[in-house]
Each structure stands twice: as C-alpha cells, then as structure tokens.
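# Chain and residue survey
These are the residues of each chain, in order.
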There are 6 protein chains.
Amino acid sequence: MELLVVKDRRVDYDGSAIGSHWAYRNFGILGNSLVVFRGKCNVKVGEMIDIEDLRQSKEIKSDDMVHYIVEVFDLVSTLFASTLQKLFIAKLCEVLGEYGIETVRKGDDIYVDGKKLSISIATVSPVSVKIHIGINVEAKGIPEGVEAVGLKELDITDVEDFMEKTGKALAAEFEKVKKDSLKVRWAQ
Amino acid sequence: MELLVVKDRRVDYDGSAIGSHWAYRNFGILGNSLVVFRGKCNVKVGEMIDIEDLRQSKEIKSDDMVHYIVEVFDLVSTLFASTLQKLFIAKLCEVLGEYGIETVRKGDDIYVDGKKLSISIATVSPVSVKIHIGINVEAKGIPEGVEAVGLKELDITDVEDFMEKTGKALAAEFEKVKKDSLKVRWAQ
Amino acid sequence: MELLVVKDRRVDYDGSAIGSHWAYRNFGILGNSLVVFRGKCNVKVGEMIDIEDLRQSKEIKSDDMVHYIVEVFDLVSTLFASTLQKLFIAKLCEVLGEYGIETVRKGDDIYVDGKKLSISIATVSPVSVKIHIGINVEAKGIPEGVEAVGLKELDITDVEDFMEKTGKALAAEFEKVKKDSLKVRWAQ
Amino acid sequence: MELLVVKDRRVDYDGSAIGSHWAYRNFGILGNSLVVFRGKCNVKVGEMIDIEDLRQSKEIKSDDMVHYIVEVFDLVSTLFASTLQKLFIAKLCEVLGEYGIETVRKGDDIYVDGKKLSISIATVSPVSVKIHIGINVEAKGIPEGVEAVGLKELDITDVEDFMEKTGKALAAEFEKVKKDSLKVRWAQ
Amino acid sequence: MELLVVKDRRVDYDGSAIGSHWAYRNFGILGNSLVVFRGKCNVKVGEMIDIEDLRQSKEIKSDDMVHYIVEVFDLVSTLFASTLQKLFIAKLCEVLGEYGIETVRKGDDIYVDGKKLSISIATVSPVSVKIHIGINVEAKGIPEGVEAVGLKELDITDVEDFMEKTGKALAAEFEKVKKDSLKVRWAQ
Amino acid sequence: MELLVVKDRRVDYDGSAIGSHWAYRNFGILGNSLVVFRGKCNVKVGEMIDIEDLRQSKEIKSDDMVHYIVEVFDLVSTLFASTLQKLFIAKLCEVLGEYGIETVRKGDDIYVDGKKLSISIATVSPVSVKIHIGINVEAKGIPEGVEAVGLKELDITDVEDFMEKTGKALAAEFEKVKKDSLKVRWAQ
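As a starting point, this report considers the structure included with it. (Residues numbered from 1 in each chain as written. Chains lettered and ligands numbered in written order. Predicted model: local features only at pLDDT ≥ 70, side-chain atom pairs only at ≥ 80, totals over all residues. Heavy atoms only, no water.)

What follows deals with the interface of chain E and chain A. Contact residues are listed per partner, giving 8 residues for chain E and 9 residues for chain A. Around 690 Å² of area is buried between chain E and chain A when both sides are counted, 64% of it from carbon and sulfur atoms. Of all residues in chain E, the largest losses of buried area upon contact with chain A belong to E:Ile51, E:Arg55 and E:Gln188, amounting jointly to 66% of the total for that side. Where chain E packs against chain A, one counts 0 salt bridges. Seen at the junction of chain E and chain A, the total is 3 residue pairs in polar contact (both at pLDDT 80 or more). Per-element tally for the side of chain E that touches chain A: the top contributor is helix α2 (residues 51–55) of chain E, with 4 residues. Grouping the constituent residues of the side of chain E that touches chain A by class yields 4 nonpolar, 2 polar and 2 charged. (Contact = heavy atoms within 4.5 Å. Buried area = accessible area lost by both parts, 1.4 Å probe. Salt bridge = Lys/Arg side-chain N within 4 Å of Asp/Glu carboxyl O. Polar contact = N/O pair within 3.5 Å; in protein donor to acceptor, adjacent residues only side chain to side chain. Helix = DSSP H or I, 4+ residues; strand = E, 2+ residues; numbered from the N terminus. Nonpolar A, V, L, I, M, F, W, Y, C, P; charged D, E, K, R; others polar.)

This is the structure:
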C-alpha cells in the first residue's frame, strides 16, 4: 500500500474521491493506496454512498478535516471493505491512545467524551475496495444536531505530524494484514 | 454469527478445531459461528497453520486458555481472514481496556507490559474463513523463551464472565461489519 | 431473505426496481429480500435487461401484475442469478399446482394451456443478484401477438392471498437452499 | 453440459463419484458433465458429504437406483450448488409429472404419496460444483425407518428410457440456464 | 469462443466496442466471442480505458486498422484480462513470424524494426473481460511522434486472409487454454 | 513476483513442488514467486496433476532439466493458471529466439525442429495458482517414444546464465501484466 500525505496544499472532499482509481488519476499512484490530505468536507447528495444517510437526508460536512482515502484492488467485496474500515478506525483509536486521548469506537465512528470525532464510509467499485475516513480538525461547519469534537480541541495541534503518523500506522497495518495472509497454509 | 460460550466443560485445543464445519460437527451450529471455550492448548505439528512457525519449529502451547473459534462462510479469502482477525484482536483490546487494562496490539498479538497475552491464526478452508484466538488464563505451560502473561495476573478472575463479555463483543462487531456492508451503494 | 408483501397500495413496475438496493432504498429492508407487490408493468427501453428483447424491440407490459423483486447479496454471478430464477419459477408452478392449475415451465416462462402467464428477468448489479418475476392478474395491456393468461382467468381471485402464499413459498425455498449450502463438507 | 447415459453396464455408487473430475477420470468427459447410470447405492461413512447425516449416523443405501452425477466448473460455490440441485430436483418432478406421477418436492427430496423416491447431495470441490441425485428403481435395501418408493412401484418400467429422458431434460435445463445468463446486461 | 470475421463491410472503432455484450448487441453472438473487423480507429476521450493515456492526453487513432474485440465471461478480473491480452499479442507475433516477419513484443505492444504495429487495451466490465487489439494496415493517421508501421509496409497485402488466419489462431489459442484448465486436478 | 535462481545446488523435481507455499516452506519466499532450479525430473504418479497423463499412464521424467515453479496468490482459477502458463511458455520461446533458436509453441509445449524441449503443468491449490515448467538440459532419461531435445543440443551451454535470463524475463513479464491490470478503468 503506497502512502501519500499531501502537505503542500488543501484538498476538499466532495465525495468524488470515492470513485475507483482516484489516487492514480490524481496523483499517479498505481495499485493499493492511502492518500491523506486536509480540507473541507461537503459531500454532494449524488456522491453519497451510505443509503441510510440518503434515506434520512443527512448532511455530511465539516469545515476542516483530515481525510484518508484507501483503495485496495486485491479483493472486491463490501464485507471485506467494511471489515478493513473497522480495523483502520480501531488503529486510529490506538494511535489517538498514544497521544493520551481516550476514545470509544462504535463500529466505524470514533467518539471522545461522547462527541463525534470522525465520519467514514466503505464500499466497492467494480474493481476495488474504497474507504473514506474523515477526522475533524475543528468541530466547525458540522451538521446541526451532531455533537462533534476536533483534533484541536484534543490538543493535537501539529496536524501535519498527525497526518504523517496516522498515515504510516494505517499503511503498516495493511502490510501486516497482507503479509500474514500469505504465510498460512489452508485448513481442511 | 451465532455465539456459543461453552461453560459446562473444558475443551482442549489441539489445532483440529481450525478445520471447516468444526462448530457444526461438534455443536450443531450452522453457518457463521463463534465458539468460546476454555482448555489447554497444545497444537500438533500436523495441525499447524502458520508456516513461519513450522519453519522455526515453534511450539504452540499453554496450560489454560480461553479459546475463540470463528468461522465465516460469506467470503473465502486469506486477506479477509487476516483482516477480520486483526479487527477481532483490536476489539479484544478494547474490551480489556474496559477492564482497565492497557494493552499494546501488534498485528494479531496482544501484549501487556511487554508480555504476550495471546496467540492467534487466521486462514481459509475451501469453504470458509477460520480464525483461532487463544488468551492465556495463566501464563503456565508456555513455550520457553516466551514472556507471557495471563488473565489472572491481570486480575480478571471471573473467566466465565470474560468469555461471555468478549464473545458478545466479537459477535456484535461482526454483525455491525456485516450490516454496514449491506447498506452502501457501489461507487463508480 | 426478508419478505415484504405490499398490500396497502399499488406499485407500478417500470424496470427501475431491478437496480441494486431497491428494497433498502424504498422499504428499508437490509440484505437479501423479496418484495411482492401489485401494479402495472411497462418497462422503459432504458431499463430493459434482456438484450434479446432489446434486439427485437419487444415491449414488456401488462395492465395488472403481481411482481416479485428478489435481491441476494451472497454471490454476484449471472449464472447463479439465472439458476435461482428458474428455481423460483419452478416453485411458483408448484404453488399453482396446489391451486389445481396445471402449468408448463419453459425455462423462466410459465404457460397454462399454451398461454403465457408470466415474464421474468435475472441479472446482477455490481453487488448483488437481482430477479424480477411478473405474473399477470389479468391478460390485459399485453403486447400484441402474445397469447397471455392471468390469475383471474385461472380462478385465482384472492390476489392478496396469492401474493402472500407465493411470497412465503419463495422465501422458504431460498432459506432451504441457503441452509443446505452450509451443512455440507467440501469434496476432494 | 455433456450428457452420458451409461446403459451397457451397472455402476454402483459408494460416494467416491462426488470427487472432482470423476467424469473425466472415468469416462474422459472434459468440462461440465452429467453422467446417468444405474446401480446399487451404499455410501461409505468416509465419503459422506452431508454433515447432518454424519451427526445422526444415518445410512445412505438402496439396492437399485438411477444415479445422476453433475459437475459444473463455471462457479465454485455451495450456494450455487444447492440452488442448481433444487432446480434439477424440480425438473425431475416435472418430468415425472409428464409420466402422470404426482410428486411433492421438499427442497432436494422427492415424495410420492408421502414416500421418499430420491436422495441427493450438493457440494463443491476446490474446482467445481458437484451434485449427486439418486432415484430408487425399487424400494429395496433402504435404511430402516424410511418409507420409500421406487420407479417400478410407479409403473415406470423402462428404466433406460427414463434415464435417457431425464438426462436430456436436466442437461437441457442447464443449457437454458447458462444461455440466459449470457444475454442479460448488468443492472445499476 | 465464437469467431466472427467481418468481411463485407468496414467498421470503425471509437472505443464503444469495449463495453459489455457488444458482440451480442451488434452481431447476436452469445457468450465468449472474438470479432475481427477492419476500419478507422479514433477513440473518444470518454471511451478511453487506459488511465495512463488519459493522464498524458494521448490520442489513439489510425486511418486503417484490423481490430480484434474479445469478450470472455468465465472470469471477471483485470489480472486475467491483462494476462490473456499478452498471450494474444504473443500469438499474433507467432503468426507474424509465420509470415516471415520478425517482431519484438513489449508487453501488449508489437514492434517491427523499432516501429509500432499495434495498440491494445484489456479491462473488465462488471460481467466480463474485454480486450481490444488494433493492428495498423497502413501507418497513416497515427498520432504525431509515434513511429508506426502497418501490414502493407510488411508486405501483408491480403488483409482479409490475415484477419481470417489471426482470428482462427487466437480463437484456437483460447480453446486450448480453456481445455487445459479443465483437465488438471487441484494441488494441495 | 520474487525471483530466486538456485545456483549453488541441484534440486530434483518429483512433483511435490506443485503444492501451495512450496517456495515459502523451502526458501522463505513470501507471496508471488518464481523459483528456477536445475535437477532431475521424475514425477510420482501420486503427484501427477494432468489427468490426461494419468489416464494414459504416461511417465514424466528427464535426467537433467531447468525447472520453473511459479506461485501466484492474486487469483485462484485454473483458467487464469492455464492462461499465465501459455504466456510464460510464449515468453520462453521469445527468449530462445534471442538465442537464435527457432521454436514452435503448441499450447504449453515448446518444439524445436519437431522435437520436444519442455514439459509443463498449471493448476490451482485452494489458495494459489501453481505452474511448473521443465526444459530439458539434455534429452536423456526421457520417456520412450518421445522425441526430445535439450538446451545443450541447441548450443546453450551456460545453463546458469540461461536460468538467470529466463527467470528475469518471466518475472518481468508478470510485473508488466500486473501493472497493466491496475491502470485501466472498468468498462460499461
């Protein structure tokens, strides 16, 4: 899994990055990839993936987020996508724990003191698994009715360092997952 | 995922439970299953799944362990098996955190204060994904050279309650993973 | 497979219900589903799935039909879709037999005394198998040149009861298929 | 699907024919195949596929049966195997109907007047789907406690003709299933 | 694999033939197919499959080409698509060798004396593998900067015969590949 | 695809190397691999993969061969295995062409002047694709009735260099195949 942390500029997330080959089209990264970037979040209805959100006409937005876009080509399955998403969220909680922040993970959501820190979706394209994770930098521009929190409120102020650290942790996690999948014989 | 916590008797683990349909053959549980039981661990060489262990002639044993045997029929893939395994290990760490125990997860291993609490393997049969996780109740009968720790040393003395709590947590995690995989539209 | 029989209102079929997640989007049913409803049938050319029909510029329409929309997420394959479709058609013939009606099944078509009672299509979306079956309530509004028959001509006048009975029969058939697939060991 | 009806000799069924490539190894038939033959049935415990039967220590035997061994290489899935099996059983019932015999199908079992006419199993090898269907020629040598019936009791005395007719019907059904799977466009 | 060599008319290639079921929609060929035809090549940007070309704003055009459109439904995988494409290109080189022409194959490109003779792309639709190969008849109307060569410059003037010969060779190659895949037992 | 050319010792081929994870078990190579080695060939009947050979009681042996053992974990399919095998054989012919040797490829066999230079088999394990290719160094110890030729008769005397050159060519071919599979968007 090739990791790219975009530091030289902001990239807003409108949902289109969930399409296949986004990392290759935009950054020339071939194959499994994790792109970490920072920018606004405002998902257009036409790009919404979670049908539950669509049914409830939810808004998905935030003024400032760290975004993770994952693409894996090894296996096209929403069950695998959903499993990898939860593992990545759990890993992010573990890294936050290293910052001294206590989190509660509920499936693919991260909470700190009952406040929502993150959003996420996992699905497939016809050729890959795609995952988006967004972590609030500041809890601004959040849909009404959602009690949110951001990295700044948690005293994580070096956002670039956080992007680097978490990006490396997720990529390493995937490499471990992949390596282990290759060293086991099949069972009867 | 049907959960069975075996409380009325001890079941030793010799590696054969990693075979397909073990839960159905032994407990009549059809389909995706999680069986939690307690007993010795002594994996016969012929049942070893991790070829890295085989190459290093490692022993896999412990006098008293809580065992988790997972079987999922939805998707036959070692990559999925390895991902689900790590997620389940992360979940166990989260439950241990609720007990006030600080853990470090390295892939599929759980450490407490640098000591190994668990063993695990994930693979496929021709029809399913199979995962075994073992958690030391006491750090006895462990292979030489391994610094281990058990639940008792961590003041978790109600082992049955731990089996129940963790079994429910893992089964619920899987149900969440599965549910989320069904509510997303595919991406372009 | 969750069964929903829509009795409180008519739902027309224009072909769009063949898209993925239709049951979830419209009725909140997650996962494998069978929705039975009653309404007109008039499939727009842009929604036609059978390329043979498209090549022959066939019309697919009827003034009053019982519709079955099946979605299965377990396995994405047109061969499986086509097999399940034929099994469901055979099951419908068996239920019609219980009403005392003698049918002839030709693949996915049901005939009574040489007259066509049904239409059907089976395909895949990128995440699921989708099947549509339509059974004429009355042989009205049928494309010219097709000799058709409807439930009313066959003295099945309690259409709601028929919807209920056949819906339950198909859902039960699928559950039996699924259960049996989980209780067999693999062969060498 | 290549059809072979073995008429020149009896072939007994001990369960080993459920292994992959049986038709190729024994008759030189490459690819999808249906072999119809006649002989005793006595499945060795080591060859039993149905774990439910194994758990209940059931015997599977009959003195004289028509056997159908199906192998399909297109798709390796027990769910597909189980679906195709039920469709083939339904087709056999339809052919029996043409003989004037009224049957009741319960999943993969055929009953006439409450008596069992058939046995069947469907599973996968690592490279194919395999199905066995056995139809009693005479209800002799059946396990105790099973009320059985055979073709002879149903006045089907030309067994070779029955083998030919049903073999052709099943092979044609599969060809129709396959053809239909290739003529549909995918749905959104 | 059904082979169709279109000789009675020219067919231009604008990229749309890469869509699924093109051979069935246009020529009524069901299942695996190879259609060989002759015509201009001018791929619209919206039909471009190679994202590398898209990123570099390459043009794909030629005034006169022999085109091969392959569709295989057995296995939906870009890795398989890419492998089959290279095998077909290698086979075309072998046939050119029979004409006495020495070629150099670089992946999916054919060169003669350092000049490019062909273009090719391989991908998947949601239901099939699709491959396009184009061989210049004359090196005219080629994008600037590309040194190209055509069949005429290589003294292959009977283009119809070439279409026939290569079409048969590719179809036979696929049949051999398929046959061999069915006659091997699986390995431990 | 990791390449290992074993130069320091001879390794005989008895067919067991066709099993899954052979390269990892014996050389510690994880994941896709190509191991090239030199040694006798004498395949035990119990290890024979080609059922056609088994049916004809063929012997597979040679006193001195260069062997290639390929394992690919990306896709488990005998059709893919058979395709990749033919591509690798075609590539070997291309490399032989660079030595000035004219070959004729018939599927997975290489002939020089009507004499057989090679043997090959391709199949799957439950977790991988496996291919064996053997090229005679000398045409000695060949089964009776087979007209064979070896590298030495073709004036290729630096066998180690040949092993190195062909090993690199095959591994590079696979990397090109893989890379191309990742840079194409899917088609409608």
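Here chain E sits on chain A after a turn of 120° about the axis and a move of 0.0 Å along it, with an RMSD of 0.0 Å. Interpreted geometrically, this transformation is the action of a three-fold axis. Closest approach to the rotation axis within chain E is made by the C-alpha atom of E:Pro126, at a distance of 3.5 Å. (Least-squares fit on C-alpha atoms with pLDDT ≥ 70 in both.)

Once that is clear, we can look at the packing of helix α3 (residues 78–98) of chain E against helix α3 (residues 78–98) of chain F. A pair of packed helices can be characterised by two numbers: the angle between their axes and the separation between those axes. Taken N-terminus to C-terminus, the directions of α3(E) and α3(F) make an angle of 40°; their axes are 9 Å apart at the nearest point. As α3(E) packs across α3(F), the resulting crossing turns out to be left-handed. Contacts between α3(E) and α3(F) pair E:Leu79, E:Phe80, E:Thr83, E:Leu84, E:Lys86, E:Leu87, E:Ala90 and E:Glu94 from the former with F:Leu79, F:Phe80, F:Thr83, F:Leu84, F:Lys86, F:Leu87, F:Ala90 and F:Glu94 from the latter. When grouped by side-chain class, the residues that make up the contact of α3(E) with α3(F) number 10 nonpolar, 2 polar and 4 charged. (Axes fitted to C-alpha atoms, helices over the stretch in contact; angles between N-to-C directions. Left-handed = near helix turned anticlockwise from the far one by under 90°.)

The strand order across the open sheet formed by 3 strands is β4-β5-β6 (chain A), and the pairing between neighbours is antiparallel. In the strand order of this sheet, the two ends are held by β4 (104–106) and β6 (115–116) of chain A, each with one partner. (Pairing = 2+ DSSP bridges.)

All names here are of chain C. Taking 1.5 Å of rise per residue, the 21 residues of helix α3 (residues 78–98) would be expected to cover 30 Å, and the 30 Å separating its terminal C-alpha atoms lies within 8% of that figure. Among the 21 residues of α3, 18 are classified as buried, and the element is accordingly described as predominantly covered. Looking at where α3 begins, the residue whose side-chain oxygen comes 3.2 Å from the main-chain nitrogen of Leu79 is Ser77. Of the residues one or two after α3, Gly100 is the one with positive phi, at around 90°. (Expected span 1.5 Å × (residues − 1). Buried < 20%, exposed > 50% of the residue type's maximum accessible area, 1.4 Å probe, protein only.)

Listed as interface residues are 47 residues of chain A and, on the opposing side, 47 residues of chain B. Between chain A and chain B, roughly 3,800 Å² of surface is buried when both sides are summed, and carbon and sulfur atoms account for 59% of that area. Put simply, chain A and chain B have 10 salt bridges between them. As a salt-bridge pair, A:Lys183 and B:Asp50 come within 3.1 Å of each other at their nearest N and O atoms. Remark: the boundary between chain A and chain B carries 28 residue pairs in polar contact (both at pLDDT 80 or more). Those elements giving two or more residues to the side of chain A that touches chain B turn out to be α2 (51–55), α3 (78–98), β4, β7 (118–125) and α4 (159–182) of chain A. Here the element with the most residues in the side of chain A that touches chain B is α3(A); it accounts for 11 residues. Of the residues in the side of chain A that touches chain B, the class split is 18 nonpolar, 12 polar and 17 charged.

Attention shifts here to the relation of the copies chain A and chain B. Rotating chain A by 180° about the axis while translating it 0.0 Å along that axis superimposes it on chain B, leaving an RMSD of 0.0 Å. Here the symmetry operator amounts to a two-fold rotation axis. For chain A, the minimum C-alpha distance to the rotation axis belongs to A:Leu87 and amounts to 2.4 Å. A share of 100% of interface residues in chain A that are also interface residues in chain B marks the association as one of identical surfaces.

Moving on to the pattern of salt bridges. All chains considered together, the criterion is met by 120 salt bridges over all chains. Between A:Asp180 and A:Lys176 there is a salt bridge, with its nearest N and O atoms 3.2 Å apart. In this pair, A:Asp180 and A:Lys176 are both assigned in helix α4, 4 residues apart and thus about one turn of the helix distant. Of the charged contacts, one joins B:Asp64 and B:Arg38 as a salt bridge, the two residues approaching to 2.8 Å between their closest N and O atoms. Pair noted here: B:Asp64 is in strand β3 (residues 61–72) and B:Arg38 is in strand β2 (residues 33–42), with a separation of 26 residues, a long-range link. One salt-bridge network, held together by shared partners, links A:Lys91, A:Glu94, A:Glu173 and B:Arg105.

This next bit is on the nonpolar core. Core analysis: the largest hydrophobic core is formed by 264 residues, its most contacted members being A:Tyr68, B:Tyr68, C:Tyr68, D:Tyr68, E:Tyr68 and F:Tyr68. In this structure E:Tyr68 touches E:Leu34, E:Val35, E:Val36, E:Leu92, E:Ile131, E:His132, E:Ile133, E:Ile135, E:Phe162, E:Thr166, E:Gly167 and E:Leu170, once residues within four positions along its chain are discounted. (Core = buried A, V, L, I, M, F, W, Y, C linked by side-chain atoms within 4.5 Å.)

Here the focus is the pairing of strand β5 (residues 109–112) of chain D. All names here are of chain D. Burial of the side chains of β5 extends over both faces: Asp109 and Tyr111 are buried on one face and Ile110 and Val112 on the other. Pairing analysis gives 3 bridges linking strand β4 (residues 104–106) to β5, with the strands arranged antiparallel. The partner of Val104 across the bridge, within β5, is Tyr111. Two strands pair when backbone bridges link them, and β5 and strand β6 (residues 115–116) are joined in this way by 2 bridges, in the antiparallel orientation.

At the level of C-alpha atoms, the two units chain A and chain D stay apart, their nearest approach being 11 Å. Separated without contact, chain B and chain E have their nearest C-alpha atoms at a distance of 11 Å.

Here we take up the packing of aromatic side chains. The full count for this structure, using the stated rule, is 24 aromatic pairs over all chains. Between B:Trp186 and D:Trp186, the ring centres sit 5.8 Å apart and the planes meet at 65°, which makes this aromatic pair edge-to-face. Of this pair, B:Trp186 sits in the segment after α4 (159–182) while D:Trp186 sits in the segment after α4 (159–182), on two different chains. When its relative accessible area of 5% is taken as the criterion, B:Trp186 is described as buried. Between D:Tyr99 and D:Phe162 the ring centres are 5.7 Å apart and the planes differ by 55°, which places this aromatic pair in the tilted class. Here D:Tyr99, found in the loop between α3 (78–98) and β4, pairs with D:Phe162, found in helix α4; they are 63 residues apart in sequence, far enough to count as distant. The class of D:Tyr99 is partly exposed, set by a relative accessible area of 28%. Exposure remark for D:Phe162: the relative accessible area of 1% places this residue in the buried category. Within the aromatic cluster, the residues linked to one another by ring pairs are A:Trp22, A:Phe27 and A:Phe37. (Phe/Tyr/Trp six-rings, centres within 6.5 Å; stacked < 30°, edge-to-face > 60°.)

What follows deals with the sheet that holds strand β6 (residues 115–116) of chain E. One open sheet accounts for 3 strands, arranged β4-β5-β6 (chain E); its pairing is antiparallel. In this open sheet, the two edge strands, each paired with only one partner strand, are β4 (104–106) and β6 of chain E.

All right, on to the pairing of strand β7 (residues 118–125) of chain C then. Residues and elements named next belong to chain C. Here β7 lies mainly inside the structure; 8 of its 8 residues are buried. Pairing of β7 with strand β8 (residues 128–136) involves 8 bridges; the strand directions are antiparallel. Along β8, the bridge assignment pairs Ser120 with Ile133. Here β7 hands over to β8 after 2 residues, the two strands then running antiparallel side by side.

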